[in-house]
Amino acid sequence: MVKKYFFLGILLLFAVIGVHGQKATAETPPMGFMTWNYFAENISESQLKEVVDAMVSTGLRDAGYNFIFIDDGWQGGRDAKNNLIPDPKKFPSGMKAFADYVHSKGMKLGIYSNAAELTCAGYTGSYGFEEKDAKTFAQWGIDYLKYDYCHAPSDWKVAIERYEKMAIALQNSGREITFGICEWGDREPWLWGKKAGGQLWRTTADVRDKWKSIEPYKNAKELHRVGAGILDIVNRNAELSSYAGINGWNDADMLVIGLYGKKGPSGDLGGVGCTDTEYRSQMSLWCLMAAPLMITCDVRNMNETTHKILMNHDVIKINQDKLGKQATRIVNSNDWQIFLKPLQNGDIAIGILNTADNKRSFNLKLDELGITNKKTSENLWTKTTSAVKNNQIKITADSHETILLRLSK
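What counts, and where the lines are drawn
Per-chain numbering applies: the sequence of each chain, read as written, is numbered from 1 onward. Reporting of local features is limited, given that this is a predicted model, to residues whose pLDDT is at least 70; pairs of side-chain atoms are given and counted only at 80 or more, and all residues count toward the totals for whole chains, interfaces and linings. Side-chain figures throughout are based on the complete set of non-hydrogen atoms in the structure, without hydrogens or water. In this scheme Phe, Tyr and Trp rings, the latter by its six-membered ring, pair at centre separations within 6.5 Å, and the angle between planes marks the pair as stacked below 30 degrees, edge-to-face above 60, and tilted otherwise. The way it works is that DSSP assigns letters per residue, a run of H or I at least four long becomes a helix, a run of E at least two long becomes a strand, and they are numbered from the N terminus. Here the term buried applies to any residue with accessible area under 20% of the maximum for its type, exposed to any over 50%, and partly exposed to those in between, with areas from a 1.4 Å probe on protein chains only. For two strands to pair, DSSP has to find at least two bridges joining them. The axes used here are C-alpha line fits, helices contributing only the stretch in contact, and every angle between their N-to-C directions lies in the interval 0 to 180 degrees. In this analysis, two residues are considered to be in contact whenever any of their non-hydrogen atoms come within 4.5 Å of each other. Among buried residues, those of type Ala, Val, Leu, Ile, Met, Phe, Trp, Tyr and Cys that are joined through side-chain atoms within 4.5 Å constitute a nonpolar core. Either an automatic procedure or a domain database provided the assignment from which the domain bounds are taken.

## Section: the packing of aromatic side chains
Per the counting criterion, the structure on display carries 15 aromatic pairs. Considering the side-chain rings of F67 and Y144, the 5.7 Å spacing of their centres and the 65° angle between planes classify their relative orientation as edge-to-face. Pair noted here: F67 is in strand β2 (residues 67-69) and Y144 is in strand β6 (residues 144-148), with a separation of 77 residues, a long-range link. The same class applies to F67 as to Y144, namely buried.

Right, here's the structure in full:
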């Protein structure tokens, strides 16, 4: 009851204050490359130019991955006028010059800051300098801000106030900058994130490069301690489908596809790597859940399998569908999870996840899922199409595999 009245008060506060200015949009989930899992703090202008070039040469940019997201570690403090500056050793040409390079390649640039004096990695944050920093980001040509919440007060009210303050600053900066709220789901941002000015919000603890936690946990907050694997995040994010939509997405954190247990942030807390089947499942499930697609492997040196997973245009279309619906998980039992996602043209995407440790088969009865008028089934990974007979589809899935189908008339 207390929480109910708290949210009524927050909604009234939004109605009175509101957010104003030039509002950014995210009509589909953002896609691109994020630096954290591969580079951590060890980023540089020269390395990131190589990444930009690889995004173009590998076809990733043209497949829709049009952002470069610079995570924590780029900051060099503030100058004599308290203007935020990049580390001159990491970005000797300055951030404006790097942004110009990114834009010249037909891509957009995202950057990172934090709603406290210091960031998660101990660099300069934006608390108390929201308007100044937002204008600086706009002058540099930044297109996206990931706004973290380390070292900040834990209560809901302060979090909402700090995120709203930065959202207003961005909207008054003179540039359209997409705003990503990153407080890891601890204060249920799906309830207030859009009203606070965000276009997406993290829903879980940081993803690690593993299928699932091997240590039991009681609730989502304990995933900070035990480390969230792909399945742990799915089980959290799948419950939030009703809160996602155009200009307001549930952010399930980064893609670990192709990392193969690399040491670093994604390798912490048991991140020993996944199989290609599990990586393919992450791609399928993130696309079904309309989650942002943020690559973190070394795109300069991908193997062929990783490239094929990330470049599956038919699967990406599920993620970027203009209807803007997150899939609903309608079955979660007996080692099977089934997701349904309606698509703009009337088709339906179905994901069937086998969470068991062995290969399994069963008959998918479409009428039990409320589907009665689909005649054709296309497997988006095998690229095979078959007729739907007796409104049933026979499924065989390897351990931890997600069969991804597109059903049409």
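## Notes on the sheet that holds strand β16 (residues 384-387)
With antiparallel pairing, 6 strands are arranged side by side in an open sheet as β11-β12-β13-β18-β15-β16. Across the chains shown, the open sheet's two edge strands, defined by having one partner strand only, are β11 (328-333) and β16. Going across the sheet, the axis of each strand differs from the next one's by a mean of 20°, ignoring polarity. Relative to strand β12 (residues 336-342), β11 is paired through 5 bridges, and the arrangement is antiparallel. Within β12, the position partnered with S333 by the bridge is W336. Packing against the sheet, helix α8 (residues 230-237) makes contact with β11, β12 and β13 (348-354), and its axis sits at approximately 55° to β12. Against the sheet, helix α9 (residues 276-288) contacts β12, β13 and β18 (402-408), and its axis sits at roughly 45° relative to β18.

## What to know about the nonpolar core
Ranked by internal contacts, the top residues of the largest apolar core, which has 111 residues, are Y65, W74, M95, M283, W286 and V299. With 8 residues, helix α6 (residues 156-171) is the largest single contributor of residues to this core. Per-domain counts for this core show at least three residues from each of domain 1 (31-320) and domain 2 (328-408). Beyond its immediate chain neighbours, meaning those up to four positions away, W286 contacts I230, I233, V234, A252, D253, M254, L255, A291, P292, L293 and N319. Residues W336, I338, L369 and A397 belong to the second largest nonpolar core, which totals 17 residues.

## Overview of the sheet that holds strand β8 (residues 200-202)
Taken in spatial order, the 8 strands of this open sheet run β9-β8-β7-β6-β5-β2-β1-β10, and their pairing is parallel. With one partner strand each, in any of the chains shown, β9 (249-251) and β10 (293-295) form the two edges of the open sheet. Ignoring which end each strand starts from, the neighbouring axes of this sheet average 25° apart. By the bridge criterion, 3 bridges tie β8 to β9 in an arrangement that is parallel.

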